[in-house]
Amino acid sequence: MSKFWSKVVHNLTPYIPGEQPKLNNLIKLNTNENPYGPSPKVLAAINQSTDDTLRLYPDPSSEALKKTIADYFKVNTHNIFLGNGSDEVLAIAFQALLKHNSPILFPDITYSFYPVYCKLYEIDFKVLPLNDLFEIELDDYLMPNGGVIFPNPNAPTGVSLTLDQIETFLKKNSDSVVIVDEAYVDFGTESVVCLTEKYNNLLVTHSFSKSRSLAGLRLGYAIGHKDLIEALVRVKDSFNSYPIDRLGLIAGVESFKDDLYFKSTCKKVIDTKIKFTEDLKSLGFSVLPSGANFVFAKHISIDGKIIVSHLREHGIVVRRFDNPERISPYVRFTIGSNEEIDTLLKTLKLILSV
Ligand SMILES: *Cc1c(COP(=O)(O)O)cnc(C)c1O
């Protein structure tokens, strides 16, 4: 604490990201990064662009990347907003679209960054409980609100809503912005990007960090009606004119161009997840159905906390959450390569002595 701090700083409770361990021989399955590297074409493009032009500022409106993304999703460039990671896109969206008189709504168990943004921007919020199956009950959200946000699939549960469920909700909730955070959508969940044309209050956010293997580059984007996008641009241009650097722009375009690589790595992760889920079940875990690149699982007899600390002793890092109480017995396993998951399973057998 310091007398030099702005008032808002005293009240902040910053987000705590998953550990990025300094030891490099660990198996890292705690922050949902992709086990497969970015496309070789992305790396080649970054290498080729690493030259004298880095002395110049990048294009402030990132036109080339916006055009690439717009073409991919068959929308216009005025429907795309780019940010330095989707966390930045979300932060800007909270300020630009979710600050009204009524509280915003999100699930009690969800991405823990949402309440952090609320504190930062002094936005009232109300959390609504997931049902007994850890599903989001969108009917509960039908009340006057300043906006609604949820990830699909949800984090850290991995549980997905269908496009139909979301559309049914959008039909009934037309007076406030609905943000669907699709950070993990490419690992087996239906995207609602196709609904952005029909519902002018729907904003969908995507990340390059998980399915596009570029967490280190910090790229994310939003898709929505041009009026929503304009609000985001107004905030961005009052804050940072160049959130996307020259190398990020080039890499982002190449990532979308190499769709075959993108699809094949997503499929590998999904295939590993399906097999790992069965293996976990045979070890006595109950596993929530996952539309993401991680699974959320609870053992019948051994508490999550014990499993996590034993795995750590064996050099495997996974993630667990203390709050709320209801998820404290669970462990979140990021889907790694087949070799990593094999080692994880062997170690789990050892720990559970089966
Ligand atoms: C990882 C994640 C993000 C942020 O991704 P970045 O693009 O790396 O900032 C957003 N939402 C959820 C639910 C996530 O898990």
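Residues numbered from 1 in each chain as written. Predicted model: local features only at pLDDT ≥ 70, side-chain atom pairs only at ≥ 80, totals over all residues. Heavy atoms only, no water.

K.L.:
So what's going on with the packing of aromatic side chains? Residues and values would help.
P.N.:
Tallying each qualifying case throughout the model produces 23 aromatic pairs. An angle of 10 degrees between the planes, with centres 4.4 Å apart, marks the rings of Phe 113 and Tyr 117 as stacked. Of this pair, Phe 113 and Tyr 117 are both found in helix α5 (residues 113-121), four residues apart, which corresponds to roughly one turn of the helix. Overall, Tyr 117 belongs to the buried group, its relative accessible area being 4%. Their ring planes at 80 degrees and their centres at 6.4 Å tell us that Tyr 141 and Phe 169 sit as a pair that is edge-to-face. Here the residue Tyr 141 occupies a position in the loop between β4 (125-128) and β5 (148-151), and Phe 169 occupies one in helix α6 (residues 163-172), the gap between them amounting to 28 residues. Taken together, the aromatic side chains of Tyr 15, Phe 94, Phe 106, Tyr 111, Phe 113, Tyr 114, Tyr 117 and Phe 125 make up a single cluster linked through ring pairs. Taking NZ or CZ as reference, Arg 212 lies 3.7 Å from the ring centre of Phe 256, over its face. If you follow Lys 268 out to its NZ or CZ, it ends over the ring of Tyr 36, 4.1 Å from the centre. (Phe/Tyr/Trp six-rings, centres within 6.5 Å; stacked < 30°, edge-to-face > 60°. Helix = DSSP H or I, 4+ residues; strand = E, 2+ residues; numbered from the N terminus. Buried < 20%, exposed > 50% of the residue type's maximum accessible area, 1.4 Å probe, protein only. Lys NZ or Arg CZ within 6 Å of the ring centre and 35° of its normal.)

K.L.:
Let's hear about the pairing of β4: which residues, and what values?
P.N.:
Examined bridge by bridge, strand β3 (residues 104-107) and β4 share four bridges and lie parallel to one another. Across the sheet, residue Phe 106 finds its bridge partner in β4, namely Val 127. (Pairing = 2+ DSSP bridges.)

K.L.:
Please set out the packing of helix α4 (residues 86-97) against α5 residue by residue, giving values where relevant.
P.N.:
α5 packs onto α4 with a crossing angle of 45 degrees between their chain directions and a minimal axis gap of 10 Å. Comparing their axes, α5 and α4 come out oblique. Of the two possible hands of crossing, α4 and α5 adopt the one that is right-handed. Contacts between α4 and α5 involve Asp 87, Leu 90, Ala 91, Phe 94 and Gln 95 from the first element and Phe 113, Tyr 114, Tyr 117, Cys 118 and Tyr 121 from the second. (Axes fitted to C-alpha atoms, helices over the stretch in contact; angles between N-to-C directions. Parallel < 35°, antiparallel > 145°, perpendicular 65-115°, else oblique. Left-handed = near helix turned anticlockwise from the far one by under 90°. Contact = heavy atoms within 4.5 Å.)

K.L.:
Describe the side chain of Thr 334, and please don't skip the residues or the numbers.
P.N.:
Among the structural elements, Thr 334 can be located in strand β12 (residues 331-334). Assessed through its relative accessible area of 1%, Thr 334 is described here as buried. Engagement of the side chain of Thr 334 in a polar contact is seen with the side chain of Asn 32, the distance being 2.7 Å. Those residues in contact with Thr 334, other than ones at most four positions away along the chain, are Leu 29, Asn 30, Thr 31, Asn 32, Glu 33, Asn 293, Phe 294 and Ile 341. (Polar contact = N/O pair within 3.5 Å; in protein donor to acceptor, adjacent residues only side chain to side chain.)

K.L.:
I'd like a rundown of the site of the ligand, residues and numbers included.
P.N.:
Close to the ligand lie 13 residues, the nearest being Ser 86, Tyr 184, Ser 207, Ser 209 and Lys 210. Here an oxygen atom of the ligand sits 2.7 Å away from a polar atom, N or O, in the main chain of Ser 86. With respect to the ligand, the backbone of Asp 87 contributes an N or O atom lying 2.9 Å from an oxygen atom. Bound to the protein, the ligand loses 93% of the 380 Å² it would expose on its own. Counting residues per element, the shell around the ligand draws most heavily on α4, which supplies three residues. Looking at the shell around the ligand residue by residue, the classes come out as five nonpolar, four polar and four charged. (Near = heavy atom within 4 Å. Areas by Shrake-Rupley, 256 points an atom, 1.4 Å probe, with all protein chains shown as cover. Nonpolar A, V, L, I, M, F, W, Y, C, P; charged D, E, K, R; others polar.)

K.L.:
Run through helix α8 (residues 246-257), naming residues and quoting values.
P.N.:
End to end, α8 covers 17 Å across 12 residues, agreeing with the expected 16 Å (1.5 Å per residue, within 8%). Burial analysis of α8 places nine of its 12 residues in the buried class, which makes it a mostly covered element. Among the residues of α8, Leu 247, Gly 248, Leu 249, Ala 251, Gly 252, Val 253, Glu 254, Ser 255 and Phe 256 are the ones counted as buried. Taken together, the buried residues of α8 touch α2 (40-49), α3 (63-73), β8 (220-224) and α9 (259-282). By the N-cap criterion, in which a side-chain oxygen at the helix start approaches the backbone nitrogen of a residue two or three places on, α8 is capped by Asp 245, the distance to Leu 247 being 3.0 Å. (Expected span 1.5 Å × (residues − 1).)

K.L.:
Report on the domain arrangement of the protein chain, specifying residues and quantitative values.
P.N.:
According to the domain assignment, the protein chain consists of domain 1 (7-37 + 260-353) and domain 2 (40-258). Once you take the C-alpha centre of each, domain 1 and domain 2 turn out to be 24 Å apart. Buried area between domain 1 and domain 2, summed over both chains or domains, comes out near 2800 Å², and the portion from carbon and sulfur atoms is 62%. The interface formed by domain 1 and domain 2 holds one salt bridge in total. Here Asp 108 makes a salt bridge to Arg 326, at a shortest N to O gap of 4.0 Å. Viewed at the interface, domain 2 and domain 1 are joined by 12 residue pairs in polar contact (both at pLDDT 80 or more). Elements represented by at least two residues in the side of domain 1 that touches domain 2 include exactly α9 and β10 (294-299). The class makeup of the residues in the side of domain 1 that touches domain 2 is 20 nonpolar, 10 polar and five charged. (Domains from an automatic or database assignment. Buried area = accessible area lost by both parts, 1.4 Å probe. Salt bridge = Lys/Arg side-chain N within 4 Å of Asp/Glu carboxyl O.)

K.L.:
Describe the side chain of Arg 320, listing the residues and the values that go with them.
P.N.:
Tracing the backbone through its elements, the reader meets Arg 320 in the loop between β11 (316-317) and β12. Residue Arg 320 is classed as buried on the basis of its relative accessible area, which comes to 18%. Here Asp 322 takes part through its side chain, which lies 2.8 Å from a polar atom of the side chain of Arg 320. Here the side chain of Arg 320 touches Ser 328 through a polar contact of 2.9 Å, landing on its backbone oxygen. Apart from the residues lying within four places of it in its own chain, the contact partners of Arg 320 are Gly 304, Lys 305, Val 308, Ser 328, Tyr 330 and Val 331.

K.L.:
Quick one: what's the story with the packing of α4 against helix α7 (residues 226-236), residue by residue and with numbers?
P.N.:
Between two packed helices, both the angle of their axes relative to each other and the distance between the axes serve to describe the pair. For the pair α4 and α7, interaxial distance at closest approach is 9 Å and the crossing angle is 105 degrees. The orientation of α4 relative to α7 falls into the category roughly perpendicular. Where α4 approaches α7, its residues Ile 92, Ala 93, Gln 95, Ala 96 and Leu 97 are matched on the opposing element by Leu 228, Ala 231, Leu 232, Val 235 and Lys 236.

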